[in-house]
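One letter stands for each residue in the lines below.
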Amino acid sequence: MTDNKLRIKTENNQLTFYNPNDEENDFLIITFHRTLRIPDDDKIYPLPPSLGNFPIKRVDDYLDKVPDHWKNHGGVFIPLFQREALWLEFLNLSEQHPHALKIAVGKVNALSGETWDESLKEREVQDYCVTPLQPWLDGINAGDGFIKQFVAMPLGSGYSVEKQVTGEEKVGGVQLVCYKANEEQRKEKFKPVERKTLFKSKPYAKKAMAYCKYDEDDEDECEEQNFALCESLEEQCDSFSFEPSFDECLKISSSTLSSSTSHHHSIQKREVVEAPKAKELSLAAGGKMKQQIIQDPYGVSFWDETSKARVFVHIVNSEMYRQITGENPPETPISAQTYTSYGYPWFDTYNENVKSVGKSSILGNVKSVKEIDQEKHLLPQQDDSTVNISNVQVIKNKNDIRDGDW
């Protein structure tokens, strides 16, 4: 009997759910993107860009250095700085092979707010995304066409979605479970056509890389400014059909060294003063962003529950990442204010004839990091001054990992 279950692997700092019986056509790639943290000022912002991928490491490659409970969980881990934001990108190789994907933060569903449940059934609020219809997710479902941005905070600090929904804070991280379509229904729905590769044809790739054209002749000058950032941009472009110009690279790197110098130095100084300890992180809610979460047009019976595969994505702070891997994490990204001051684009999507997932009454009550800061009577911990955005580009849509006991 043919094994029906999806498998998971990591390559090039991406997670891939794939069908071992049709690996060439049937798989879903998930990328964790570094990004701007949008201000938490009650304004609804457009989609921010990618500032590079987070590195993904397999737990099984570091069993002598990871916490004991990770050994039961298996999966992978990624590094973030405290109060840093991220977004998840979903890429299907073929539109003929859609997938259903559940995303949870601290085992709280990011769409419905319900506690972890791997079954697929009709619910008041749909609790999974459908790819490739849903190209990304930047935060928890807040309803009415917007989300609250994913922001990393220390596990146990009281800020997380997990703590606010369940009253406990002991899981952290991100949990993913993916399902492929029922094969008979899929063949009925999608008649055989020439395969379309979505990596370079989909316009939403622009969100992952705003500009492209890297000039190697200017590498020496770039290195004098901030070669590491330019190199990061160059690596990102390898996945797409365009590359960042040296001028754009130089503007970002220069802004990192000049306009944002005081911001970045304050972060480093604060870490030295506070003597940061190795910590696991959980995801909390940040500012509001315009983002549609698309309703499943196929229905829950279209998906094959027996095919599911899942992965636990642990999140660690910079010190814990160094202790486990011996490597340095990516530098903190530039601020939304600095990025916007140089006229770089933000993004909006335009989807016709699709419905949205309903509002979650549970997640609608989740407080943001800033709101909890205020409850704790803390001074402002980040720049939440309003960003006035004029450059918004509208996008129109057309190695194995072990699972464990968690």
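**Q** What am I meant to see in the overall build of the protein here?
**A** A tally of helices and strands in the protein yields 10 helices and 18 strands. When each of the 406 residues of the protein is scored for burial, the buried share is 55%.

**Q** Even after reading the chapter, I still don't get helix α8 (residues 318-325), so can you show me in this structure?
**A** Counting along an α-helix, one turn takes 3.6 residues, and residues three or four places apart therefore face a common direction. Taken as a whole, α8 has its buried residues at S318, M320, Y321, I324 and T325. One face of α8 carries all of its buried residues, which in axial projection span an arc of 160°. Backbone geometry just downstream of α8 places G326 in the positive-phi region, at approximately 75°.

**Q** Would you explain the environment of Q291 in this entry?
**A** Examined against the element boundaries, Q291 turns out to sit in the loop between β15 (281-290) and β16 (309-316). A relative accessible area of 4% means that Q291 is categorised as buried. Spatially, the C-alpha atoms of Q291 and G139 are 9.0 Å apart, while their sequence positions differ by 152 residues.

**Q** Before we go on, may I ask you to explain the sheet that holds strand β4 (residues 44-45) in this structure?
**A** Hydrogen bonding along the main chain pairs the strands of a sheet, whether they run parallel or antiparallel. Read from one edge to the other, the open sheet built from four strands follows the order β4-β15-β13-β12, with strand pairing classed as mixed. Every interior strand has two partners, whereas the edge strands, β4 and β12 (139-141), have only one. Pairing of β12 with strand β13 (residues 146-154) involves three bridges; the strand directions are antiparallel. From the neighbouring strand, G139 faces β13, where its bridge partner is Q149.

**Q** Hey, could you run me through the nonpolar core in this one?
**A** Most often, soluble globular proteins have nonpolar side chains that are buried together. Membership of the largest hydrophobic core comes to 57 residues, with the highest contact counts inside it found for L15, F32, I103 and L176. Ranked by size, the runner-up nonpolar core spans 16 residues in total, among them L120, V300, F302 and W406.

**Q** Looking at this structure, I do not really get the sheet that holds strand β1 (residues 7-11). What am I missing?
**A** Pairing is antiparallel across the open sheet formed by five strands, whose spatial order is β1-β2-β3-β7-β11. Each end of this open sheet is capped by a strand with a single partner; those strands are β1 and β11 (136-137). Where strand β7 (residues 86-92) lies against β11, two bridges are found, and the strand directions are antiparallel. Residue pairing in the sheet places L88 in a bridge with L137 of β11.

**Q** Would you explain the pattern of salt bridges in this entry?
**A** Taken as a whole and assessed by the stated rule, the structure comprises 19 salt bridges. When the shortest N-O distance is used, the salt bridge between R123 and D127 registers 2.8 Å. Like D127, R123 is buried. If you follow the salt bridges from partner to partner, you end up with K102, E114, D117, R123 and D127 in one network.

**Q** Explain the pairing of β7 here, please?
**A** Across a regular strand the side chains alternate sides, sitting on one face of the sheet and then on the other. Along β7, seven of the seven residues are buried, which leaves the element largely enclosed by surrounding structure. Both faces of β7 are covered, namely the face carrying L86, L88, F90 and N92 and the face carrying W87, E89 and L91. In this sheet, β7 lies alongside strand β3 (residues 27-34) in antiparallel orientation, the contact comprising seven bridges. Paired with T31 across the bridge in β7 is E89.

**Q** What is the right way to look at the packing of aromatic side chains in this model?
**A** Aromatic rings in a pair are described by how distant their centres are and how their planes are angled relative to each other. Evaluation of the coordinates by the stated rule reveals 10 aromatic pairs. Here the aromatic rings of W87 and W136 are separated by 6.0 Å at their centres, their planes lie at 80°, and the arrangement is edge-to-face. Taken together, the positions of W87 in strand β7 and W136 in strand β11 put the pair 49 residues apart, joining distant regions of the chain. W87 gets classed as buried once you look at its relative accessible area, which sits at 0%. For the ring pair F190 and Y298, a centre distance of 6.0 Å and an interplane angle of 75° mean the geometry is edge-to-face. Placement of F190 in the loop between α3 (183-189) and α4 (205-208) and of Y298 in the loop between β15 and β16 is noted, with a sequence separation of 108 residues between them.

**Q** Which parts of the structure should I look at to understand unusual backbone geometry?
**A** Note: most residues except glycine have negative phi, and most peptide bonds are trans. A cis amide bond links T131 to the next residue, P132, at an omega of 10°. Along the polypeptide, P132 turns up in the loop between β10 (129-131) and β11. You will see that K107, though not glycine, has its phi angle at about 60°, which is positive. When you line up the elements, K107 lands in the loop between β8 (99-105) and β9 (108-109).

**Q** What is the right way to read the side chain of Q149 from this model?
**A** Topologically, Q149 is positioned in strand β13. Overall, the relative accessible area of 0% leaves Q149 in the buried class.

**Q** What am I meant to see in the environment of Q126 here?
**A** Structurally, Q126 can be placed in the loop between β9 and β10. Separated by 15 residues in sequence, Q126 and L111 have C-alpha atoms that sit 6.9 Å apart. Among all residues touching Q126, those that are not within four sequence positions of it are L111, S112, I294, Q295, D296 and V357. In this structure the side chain of Q126 is engaged in a polar contact, spanning 2.6 Å, whose partner is the backbone oxygen of Y128.

**Q** Looking at this structure, I do not really get the confidence of the model for the protein. What am I missing?
**A** Regions with low pLDDT should not have their predicted coordinates read in detail. Of all residues in the protein, 73% attain a pLDDT of 70 or more, and the chain-wide mean is 79. Residue range residues 208-275 is modelled with pLDDT below 50. Its contacts to residues more than four positions away, or to other chains, number 105 contacts.

Quick notes on the rules
- Residues numbered from 1 in each chain as written.
- Predicted model: local features only at pLDDT ≥ 70, side-chain atom pairs only at ≥ 80, totals over all residues.
- Heavy atoms only, no water.
- Helix = DSSP H or I, 4+ residues; strand = E, 2+ residues; numbered from the N terminus.
- Buried < 20%, exposed > 50% of the residue type's maximum accessible area, 1.4 Å probe, protein only.
- Arc of directions from axis to C-beta.
- Pairing = 2+ DSSP bridges.
- Core = buried A, V, L, I, M, F, W, Y, C linked by side-chain atoms within 4.5 Å.
- Salt bridge = Lys/Arg side-chain N within 4 Å of Asp/Glu carboxyl O.
- Phe/Tyr/Trp six-rings, centres within 6.5 Å; stacked < 30°, edge-to-face > 60°.
- Contact = heavy atoms within 4.5 Å.
- Polar contact = N/O pair within 3.5 Å; in protein donor to acceptor, adjacent residues only side chain to side chain.
- pLDDT = per-residue confidence, 0-100.

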